[in-house]
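# A closer look at the structure
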Amino acid sequence: MAVSLTNFLDSGCIVASSLALTAWAAAFNFGSAWTAILGAIGANAFGAAVGALIGGFLIAALGSLICWLQPQSLPVVLTGQVVRSIGMIPATFMGNVLLADALDDVERITGHRCDGFTSSLYNVLLTLSTGLAMFILNTGLSAFRYISPAGLAEIPVQGVAVKSFITFCVVGLPTIVYPLIAFVFHFQKNNPKTGSGQ
């Protein structure tokens, strides 16, 4: 099962999206302009990894937008979360693929491995960004008068400002940030020696 999942993530989603484009366009009556747009953001348009990242972040943004449109509706939020999760599959795995390719190129050019430095830098950045995110979240909750539960007997009803702030943090911000990340990856250049995005 693990091998099948790995094969799907590595090649299946990329190949399937490319092969299904014609059938998808026919099923939804897309004209040639829409088909060209879908092909442009498809996984093979910019190299497999970069294209998968771009498409994945755009699909994840769509899922976040679905959640943001009706955050009080459980079926809508669950639908949006499924779409968002599907979009994040390539983003999660292809980011690691690009990093591994970059580390291999550094080793090939310099003769030195830099995995340890990269891992250390990753951990420092993760710690700093998590701390910053928690600071922003806690500051916002305090500013909008979040009411913490006093016990298990009664759960307080939060104000509209608190609900709006939490909704923006959870689904609004990703709706804005994911397309920006996809835009940045659009300018990713392919390595002429390996053909992969670097």
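Starting afresh in each chain, residues are numbered from 1 along the sequence in its written order. Whole-chain, interface and lining totals are the exception, using all residues; otherwise, since this is a predicted model, local features are given only for residues with pLDDT of at least 70 and side-chain atom pairs are given and counted only at 80 or more. Where side-chain values are given, they derive from all heavy atoms of the structure, hydrogens and water being excluded.

Each patch is assembled from residues with relative accessible area greater than 30% and no salt bridge, linking like charges that lie within 9 Å and nonpolar side chains (Val, Leu, Ile, Met, Phe, Trp, Tyr) that lie within 5 Å. Per-residue and other accessible areas follow the Shrake-Rupley method at a 1.4 Å probe size, with only the shown protein chains counted as cover for residues. One speaks of a salt bridge when a side-chain nitrogen belonging to Lys or Arg is within 4 Å of a carboxyl oxygen belonging to Asp or Glu. On the surface, a cluster of nonpolar side chains totalling about 780 Å² of accessible area is made up of L62, L65, W68, L69, F168, L173, I176, V177 and L180. Secondary structure elements are taken from DSSP: a helix is a run of H or I of four residues or more, a strand is a run of E of two residues or more, and numbering for both begins at the N terminus. Considering each element in turn, the nonpolar patch owes the most residues, 5 residues, to helix α6 (residues 160-186).

Residue position: G172 is located in helix α6. Residues are treated as being in contact if the distance between any of their heavy atoms lies within 4.5 Å. In this structure G172 touches W68 and T167, once residues within four positions along its chain are discounted.

Attention shifts here to the confidence of the model for the chain. A residue's pLDDT is simply how confident the predictor is in it, with values from 0 to 100. Residues of the chain with pLDDT of at least 70 account for 69%, and the chain-wide mean is 76. Contacts from residues 1-19, a stretch scored under 50 in pLDDT, to residues over four places away or in other chains number 13 contacts.

We now examine α6. Helix span is expected to be 1.5 Å times the residue number reduced by one. Between the first and last C-alpha of α6 there are 38 Å, a value that for 27 residues agrees with the 39 Å anticipated at 1.5 Å per step. The largest bend in α6 amounts to roughly 45 degrees and is located at F168. Relative accessible area decides the class of each residue, using a 1.4 Å probe on protein chains only: under 20% of the type maximum gives buried, over 50% gives exposed, and in between gives partly exposed. Listing the buried residues of α6 in full gives V162, F165, T167, V171, G172, P174, T175, Y178 and A182. In this analysis the local bend is the angle between axes fitted, respectively, to the seven residues ending at and the seven residues starting at the residue.

We now examine the nonpolar core. Soluble globular proteins: nonpolar side chains tend toward being buried together. Residues belong to a common nonpolar core when they are buried Ala, Val, Leu, Ile, Met, Phe, Trp, Tyr or Cys residues joined through side-chain atoms within 4.5 Å. Among the nonpolar cores identified, the biggest contains 11 residues, and these are A52, L53, I54, F57, A60, A61, A91, M94, L98, Y178 and A182. Of all elements in the fold, only α3 (48-69), α4 (74-110) and α6 reach the threshold of two or more residues within this core. Ranked by residue count, the leading element in this core is α3, at 6 residues. Setting aside chain neighbours within four positions, we find F57 in contact with G87, M88, A91, Y178, I181, A182 and F185.

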